[in-house]
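So the chains spell out like this:
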Amino acid sequence: MLMKNEGHKKNLPAAPMCGCIEQMPIVSRADCTEAYTTARFVFQYRSTIPELKAFVSKHLIQYRECKGLNATTNDLKSFYDKLWLEKKVDLYQKEVFDTTIVGEGGCGNVTKAHLSEFVEENYGGDVGKQDHLNATDYPNPHK
């Protein structure tokens, strides 16, 4: 399997190694692997028994690095940008993606935006003007 060959043996804590974008933590970059499958089907029909049978006689799964924009490989953002240009994803999907895979240096801004939204929703506070958040400044609303 490609992930083991590339040295990826474990997932981040509380995050899937492979899954939907909605399950991923905010990251600056993510690898991208595609699965390609081929199958051979056999069909049998006998005139003495009016029944058609079909089964898979051979099935092969191969894993390859995704190919993105400008021949970039193994980069989920580049691959998704290619899907966007090919109109294979809609605006909502692109926006969700761009708030999860944020690019180099983007984690701090997105994390601050998420924390600001959380505090606003749960406490009615305005943290947009603050330089930092202290967990002890806000009681846990779930207790």
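Quick caveat: nothing in here was measured; it's all calculated off a predicted structure.

Definitions and cut-offs
- Residues numbered from 1 in each chain as written.
- Predicted model: local features only at pLDDT ≥ 70, side-chain atom pairs only at ≥ 80, totals over all residues.
- Heavy atoms only, no water.
- Disulfide = S-S within 2.5 Å.
- Helix = DSSP H or I, 4+ residues; strand = E, 2+ residues; numbered from the N terminus.
- Buried < 20%, exposed > 50% of the residue type's maximum accessible area, 1.4 Å probe, protein only.
- Core = buried A, V, L, I, M, F, W, Y, C linked by side-chain atoms within 4.5 Å.
- Contact = heavy atoms within 4.5 Å.
- Phe/Tyr/Trp six-rings, centres within 6.5 Å; stacked < 30°, edge-to-face > 60°.
- Lys NZ or Arg CZ within 6 Å of the ring centre and 35° of its normal.
- Pairing = 2+ DSSP bridges.
- pLDDT = per-residue confidence, 0-100.

1. Looking at the state of the cysteines
Cysteine pairs can be linked by a disulfide, which is a covalent bond between their two sulfur atoms.
1) Next: Using the criterion set out here, one finds one disulfide in the structure.
2) Next: With a sulfur-sulfur separation of 2.0 Å, cysteine 32 is cross-linked through a disulfide to cysteine 66. What sets the handedness of the cysteine 32 and cysteine 66 disulfide is the S-S torsion sign, and at about -70° it is left-handed. On the criterion of sequence distance, the pair formed by cysteine 32 in the loop between helix H1 (2-5) and strand S1 (33-46) and cysteine 66 in the loop between strand S2 (51-65) and helix H2 (76-85) is long-range, its members being 34 residues apart. Across the pair, cysteine 66 and cysteine 32 agree in class, each one buried.

2. Here's the deal with the nonpolar core
1) Next: Leu76, Phe97 and Ile101 are the most contacted members of the largest nonpolar core, which totals 13 residues.
2) Next: For this core, the secondary structure elements donating two or more residues are H2 and helix H3 (91-98).
3) Next: Contacts of isoleucine 101, omitting those with residues within four sequence positions, involve Ile21, Met24, Val27, Ser28, Arg29, Ala30, Leu76 and Lys77.

3. Observations regarding the packing of aromatic side chains
1) Next: For the structure shown, the criterion picks out two aromatic pairs.
2) Next: Taking 4.1 Å as the distance between ring centres and 0° as the angle between the ring planes, the aromatic pair formed by tyrosine 80 and phenylalanine 97 counts as stacked. Of this pair, tyrosine 80 sits in helix H2 while phenylalanine 97 sits in helix H3, and the two are 17 residues apart along the sequence. Across this residue pair, the class does not change: tyrosine 80 and phenylalanine 97 are buried.
3) Next: On the numbers, 6.3 Å between centres and 75° between planes, the contact of phenylalanine 118 with tyrosine 123 is edge-to-face.
4) Next: You can call phenylalanine 118 partly exposed: its relative accessible area is 36%.
5) Next: Residue tyrosine 123 is classed as partly exposed on the basis of its relative accessible area of 28%.
6) Next: Stacked on the ring of tyrosine 36, the Lys or Arg arginine 64 has its end atom at 4.0 Å from the ring centre.

4. A word on the pairing of S1
1) Next: Bridge count for S1 against S2 is 14 bridges, and the pairing is antiparallel. The residue bridging phenylalanine 41 from the neighbouring strand is valine 56, located in S2.
2) Next: Hairpin connection, S1 to S2: the antiparallel pair is bridged by four residues.

5. Examining the confidence of the model for the protein
1) Next: In this model, the protein carries a mean pLDDT of 80, and residues with pLDDT of at least 70 account for 78%.
2) Next: Mean pLDDT across the elements of the protein bottoms out in H1 (49) and peaks in H2 (94).

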